Amino acid sequence: KFAFSQEEFSKNFQLNAFRDFSKLSDEQEESIGWVSPENCLEAPVLDTIMVEPYFKLMMRVDRKKISKVLMAAHMAIEQRAALEVSGKKKLSRGERQLIKSSVKELALKKASVTSNLYRGLWNFRTRTCLVFSTSKSICLHFSKLFQETFDLDLEPLDAWGLAEEWAQEKNAMKALESIEPSSFKVRRKKT
């Protein structure tokens, strides 16, 4: 059970609101936070998010993407230049790491950004939160952000969990005792 005031909710949303890369360090490759369900460029406002008994949630995930091919090409150029300056035939591991980190830092500054939005609908009365994504990593990000914002843990609900919930509501737990798992055999499709 939770009990937040409107001020606490607003404060928690502000603390966990999406931050643009311009407000973050150059080394950061990912930014995740809440945005307004009406406009992903705006911070969430409690009055527009809360529709009794629901919270309309929208998580924004921005990632900087560095081309591995370009990264390798830049590293080769920098390593060749370092070898020429030093007169060595081979760079030490530490020198290669230093070159890699400086090339990556420069690449992150120029990297393109991809933005994705993921919706959630939280019924705080029934304590059910629907996350509109099947990606495990996105569900983990959503759960972590939810926990950081509301200090509540999300527990995944699978088919068995739904069956148990239904059986408890209907006082029919005995019906689940006779259920056995099914096994499926995967066959190659004939062409």
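In case you missed it, the structure is sitting above this.
None of these values were measured; they are calculated from a predicted model.

Details of the packing of aromatic side chains
Line of reasoning, step 1. According to the stated counting rule, one finds 13 aromatic pairs in the structure shown.
Line of reasoning, step 2. Seen from their ring centres, phenylalanine 9 and phenylalanine 150 are 5.7 Å apart, and the 65° between their planes marks the pair as edge-to-face. Placement of phenylalanine 9 in helix α1 (residues 6-15) and of phenylalanine 150 in helix α5 (residues 136-150) is noted, with a sequence separation of 141 residues between them.
Line of reasoning, step 3. Both rings, one in phenylalanine 13 and one in tryptophan 34, keep their centres 6.3 Å apart while their planes meet at 70°; by these two values the pair is edge-to-face. With a gap of 21 residues between them, phenylalanine 13 in helix α1 and tryptophan 34 in strand β1 (residues 30-34) connect regions that are remote in the sequence. Here the two residues phenylalanine 13 and tryptophan 34 agree in accessibility, since each one is buried.
Line of reasoning, step 4. Aromatic ring contacts, followed pair by pair, group Phe9, Phe13, Trp34, Phe55, Trp122, Phe124, Phe142, Phe146 and Phe150 into a single cluster.
Line of reasoning, step 5. The residue whose ring lies beneath lysine 64 is phenylalanine 21, and the NZ or CZ to ring-centre distance is 4.8 Å.

A few points about helix α3 (residues 68-86)
Line of reasoning, step 1. Taking 1.5 Å per residue as the helical rise, α3 with its 19 residues ought to reach 27 Å, and the 26 Å between its terminal C-alpha atoms agrees with that figure.
Line of reasoning, step 2. Looking one or two residues past α3, glycine 87 carries a phi angle of roughly 75°, positive in sign.

Conventions adopted
- Residues numbered from 1 in each chain as written.
- Predicted model: local features only at pLDDT ≥ 70, side-chain atom pairs only at ≥ 80, totals over all residues.
- Heavy atoms only, no water.
- Phe/Tyr/Trp six-rings, centres within 6.5 Å; stacked < 30°, edge-to-face > 60°.
- Helix = DSSP H or I, 4+ residues; strand = E, 2+ residues; numbered from the N terminus.
- Buried < 20%, exposed > 50% of the residue type's maximum accessible area, 1.4 Å probe, protein only.
- Lys NZ or Arg CZ within 6 Å of the ring centre and 35° of its normal.
- Expected span 1.5 Å × (residues − 1).

All quantities given are derived from atomic positions and should not be read as evidence of function.
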